[in-house]
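Notes for the structure review
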Amino acid sequence: MIAALIHWLDERLHLEGLLAPFKHKTVPQHKMSYWYFFGGITLFLFMVQVLTGILLLLYYHPGANEAFESVQYIVTQVQFGWLIRSIHSWSANLMIFTAFAHMFSVLFLKAYRKPRELTWVTGVLLLFLVMGFGFSGYLLPWNTLAFFATTVGTQMAGQVPFIGHAMMIFLRGGPEVTGATLTRFFGFHVAVLPGIVTVLIGVHLFFVQRQGMSVPPKVEAEWKKDPSLVKEMKFFPNFALRELMAWYVGMGMLGGLAAMFPWNLGVKVDPFASAPAGIKPEWYFLFMYQALKLIPSKVLIFDGEVLGIVGCGIAATVWLLLPFFDTEKPSRRSHVITGLSVFALVFMIGMTIYGYLAN
Amino acid sequence: MSTGTDCPCQQQPTRRGFVGLFLGGGMLATFASFLYPVMRFFVPPTVADLGGDEVVAAKVGDLKENSGKIFKFGSRPGLLILEASGTYHAMSATCTHLGCTVQYKGDTHQVWCPCHNGTYDLNGRNVSGPPPEAIGCIRRAPARR
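Just so you know, these numbers come straight off a predicted model, no measurement behind them.

The biggest cluster of nonpolar side chains holds 56 residues, and the ones touching the most others in it are L45, I87, M95, W142 and A146 of chain A. Contributing elements (two or more residues each) for this core: α3 (37-57), α4 (67-76), α5 (81-108), α6 (117-139), α7 (144-157), α9 (179-211) and α11 (235-260) of chain A. Per-element accounting of this core gives the leading share, twelve residues, to α5 of chain A. By size, the runner-up hydrophobic cluster in this structure holds 16 residues, among which are A57, M91, Y104 and Y120 of chain B.

Before going further, it helps to examine the confidence of the model for chain B. Residue and element names in this part refer to chain B. Across chain B, the average pLDDT comes to 82, with 85% of residues at 70 or higher. In this model, residues 1-5 is a region of pLDDT below 50 whose contacts with residues beyond four sequence positions or in other chains number two contacts. The ipTM assigned to the predicted complex is 0.76, against a pTM of 0.78.

Turning our eyes to something else, we now look at the sheet that holds strand β4 (residues 103-105) of chain B. All names here are of chain B. If you walk across this open sheet you meet the four strands as β4-β5-β6-β7, and the pairing is antiparallel. Of all strands in the sheet, those with a lone pairing partner are β4 and β7 (126-128), marking the two edges. Looking at each pair of strands side by side, their axes are set apart by 40 degrees on average, direction ignored. Sheet analysis places strand β6 (residues 118-120) next to β7, joined by two bridges and oriented antiparallel.

All names here are of chain B. As summarised here, the arrangement of the three strands in space is β1-β2-β3, forming an open sheet in which the pairing is antiparallel. The two strands at the open ends of the sheet, each matched to only one other strand, are β1 (67-73) and β3 (88-92). On average, each strand axis in the sheet is inclined to that of its neighbour by 25 degrees, with strand direction left out of account. Pairing geometry for strand β2 (residues 76-82) and β3, over five bridges, is antiparallel. Pairing of L79 across the sheet is with M91, part of β3.

In many reports, interface size means the accessible area that the parts give up when they come together. On the side of chain A, eleven residues touch chain B, which itself brings nine residues to the contact. When its residues are assigned to classes, the side of chain B that touches chain A shows seven nonpolar, one polar and one charged.

As far as domains go, chain B holds domain 1 (13-45) and domain 2 (67-128). One C-alpha centre belongs to domain 1 of chain B, the other to domain 2 of chain B; they are set 55 Å apart.

Before going further, it helps to spend a moment on unusual backbone geometry. Residue and element names in this part refer to chain A. Across the junction of K114 and P115, the peptide omega takes the value 5 degrees, indicating a cis bond. Relative to the helices and strands, P115 resides in the loop between α5 and α6. At H14, a residue that is not glycine, the phi angle is positive and equals roughly 50 degrees. Note on placement: H14 falls in the loop between α1 (2-13) and α2 (15-24). Given 9 C-beta atoms within a 10 Å radius, H14 is considered exposed. A positive phi angle, close to 65 degrees, is found at F162, a residue other than glycine. Relative to the helices and strands, F162 is located in the loop between α7 and α8 (164-172). With 7 C-beta atoms packed within 10 Å, F162 lands in the exposed category.

Reading guide: rules and limits
Residues numbered from 1 in each chain as written. Chains lettered and ligands numbered in written order. Predicted model: local features only at pLDDT ≥ 70, side-chain atom pairs only at ≥ 80, totals over all residues. Core = buried A, V, L, I, M, F, W, Y, C linked by C-beta atoms within 7 Å. Buried ≥ 20, exposed ≤ 12 C-beta atoms within 10 Å, placed from the backbone. Helix = DSSP H or I, 4+ residues; strand = E, 2+ residues; numbered from the N terminus. pLDDT = per-residue confidence, 0-100. Contact = placed C-beta atoms within 7 Å. Pairing = 2+ DSSP bridges. Axes fitted to C-alpha atoms, helices over the stretch in contact; angles between N-to-C directions. Nonpolar A, V, L, I, M, F, W, Y, C, P; charged D, E, K, R; others polar. Domains from an automatic or database assignment.

Written as structure tokens, this is what we have:
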């Protein structure tokens, strides 16, 4: 029956030509092939976010006097509201984790080399936007933790030289974090960011489809020397079914986590209460937060925090443009970059652990 | 290998087809199990809005004795009455007849609906006119400083 439907569409839209390349699509098979799943898992979790986000939109009220109560309503009154909300929160965290894992796997397997530079650039932009999703979404339940996390986060943005203050006012919708900030973050979270990210994902996937999967340098060299070693798997149906299975397992894990460790509601914002002791941002910002805390308040003539923010900015720019710093073939420079990548990973993990232990 | 059957259109089931059936059937069942909570989620709960369960109706001194005041209770109007004796009464201000907003009349010491001349006593009981049932009372918390 599905074949009949496809035939009906093909008669009118000539899909055969468009879909033909997919029939021949292959995925390289080697020791590191499992890392190929991480991009797809991130996409899957994004789709889960869109779906659960739309469901939450049916009942959420974006306003300082109603937001907390509406989330409370969702988790107490709406049928399976607790589950949908928990899935949304858990999937957000898992998605950021898989996005980082995907980025690091591409980094260490050097998949960003020519001709895939633009894929890397769109990917890093997507990573930044996904963290923006996390930052904006975190405020929406309007509880004390989110309120102070947003205050600190936007204040850090305000430290950027020259444009920082204007950025902070723009993000906050005013000099302080208020209901105006909530409304603004809501707009970013459900309209602006989804629009931009959907387009970027489309572009990112288009590049991947056009260029196929990259193979790590060592394997590439081996296969070039001896073409009989080349092992490939058909995408349809072999890899596609495996990917579907990975998504299925991911879905099961998500449901299990959401059900067994439901997300907290917290306490409604009281702007005149003091910040809770030991407050810290969500884990995916913790490494930055902890690193900034370690910088002394004055370094030579510069303000320590400003130096830290500028440092973060430089690191982010280098990250974004990394393929243009590296070489196509293994070289001394590519080894240096690998070393820096290891340092970056260890630094991030180390700072995150330190951040948890220190508080 | 399969032996020929009489009907030329009947294919012998293959192992692949059998496994495929299980795979497809399992995926469909899983999908259905996700659809159930989502469908239930769509149906709005009986409590249409948690507009807030406690409201400040008025401050002490707002009301003159033997007068009433309409206050916002979630998305509906409430009526707060201060008797001459100093007792407060709070009730829904929506007439049970056809939904008009009622008011307190100091001369008759009754709650009156201007739409069809229905009246209620200070406990919300329907006294005269078309209202078919009593008006709902709202619990008052003791006055707080």
